Amino acid sequence: QVQLVESGGGLMQAGGSLRLSCAASGRTFSSYAMGWFRQAPGKERELVASISWSGTVTYYADSVKGRFTISRDNAKNTVYLQMNSLKPEDTAVYSCAARPRGATTFIYWGQGTQVTVSS
């Protein structure tokens, strides 16, 4: 089992930057693909970015390409989401999630951190 704890959310003006962190417990962090999801009020949860267990393969939603960067440090059991050029439409609760090797879905979830971008 993996426990995930996000941090780094907050209030930011449009055009600013934030870096989210997700710290994972357990010794098998490096075997999990990791993802960042977000959910805005009244909207469905969407996958923002994901990264393979090795860090060599990444995915970004079209809405954040060129602005957000996902990375991981397996030695620190941490995955990051660097968010630049923030827009009001980025306002949401951001959650990290872990997908074990061989699984098709993300199984472990953090509690989420609020990101609010003002115009």
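Residues numbered from 1 in each chain as written. Predicted model: local features only at pLDDT ≥ 70, side-chain atom pairs only at ≥ 80, totals over all residues. Heavy atoms only, no water.

Participant: I'd like a rundown of the packing of aromatic side chains, residues and numbers included.
Facilitator: If you walk through the whole model with that rule in mind, you get 3 aromatic pairs. Taking the centre distance of 4.7 Å and the plane angle of 55 degrees together, the rings of F37 and W109 count as tilted. Linking F37 in strand β4 (residues 32-39) with W109 in strand β10 (residues 108-109), this pair joins segments that are 72 residues apart in sequence. Owing to a relative accessible area of 10%, F37 belongs among the buried residues under this scheme. A relative accessible area of 31% means that W109 is categorised as partly exposed. A network of ring pairs unites the aromatic residues F37, F106 and W109 as a single cluster. Taking NZ or CZ as reference, R45 lies 5.6 Å from the ring centre of F37, over its face. Above the plane of the ring of W109 lies R45, whose end atom (NZ or CZ) is 4.0 Å from the centre. (Phe/Tyr/Trp six-rings, centres within 6.5 Å; stacked < 30°, edge-to-face > 60°. Helix = DSSP H or I, 4+ residues; strand = E, 2+ residues; numbered from the N terminus. Buried < 20%, exposed > 50% of the residue type's maximum accessible area, 1.4 Å probe, protein only. Lys NZ or Arg CZ within 6 Å of the ring centre and 35° of its normal.)

Participant: Got a sec to walk through the pattern of salt bridges? Specific residues and values, please.
Facilitator: Per the counting criterion, the structure on display carries 4 salt bridges. Between E46 and R38 there is a salt bridge whose closest N-O contact spans 2.6 Å. For E46, a relative accessible area of 30% corresponds to the partly exposed category. Residue R67 is joined to D90 by a salt bridge in which the shortest nitrogen-to-oxygen separation is 2.8 Å. Linking R67 in the loop between β6 (58-60) and β7 (68-73) with D90 in the loop between β8 (78-83) and β9 (92-100), this pair joins segments that are 23 residues apart in sequence. Each of the two residues, R67 as well as D90, counts as buried. Through salt bridges that share partners, R38, E46, R67 and D90 make up one connected network. (Salt bridge = Lys/Arg side-chain N within 4 Å of Asp/Glu carboxyl O.)

Participant: Could you give an account of the state of the cysteines, naming the residues involved and the relevant values?
Facilitator: The term disulfide refers to a covalent linkage connecting the sulfur atoms of a pair of cysteines. Evaluated as defined, the whole model comprises 1 disulfide. Each sulfur in the disulfide pair C22 and C96 lies 2.0 Å from the other. With the S-S dihedral at roughly 50 degrees, the linkage between C22 and C96 falls on the right-handed side. Of this pair, C22 sits in strand β3 (residues 18-24) while C96 sits in strand β9; the two residues are 74 residues apart in sequence, bridging distant segments of the chain. We note that C22, like C96, is buried. (Disulfide = S-S within 2.5 Å.)

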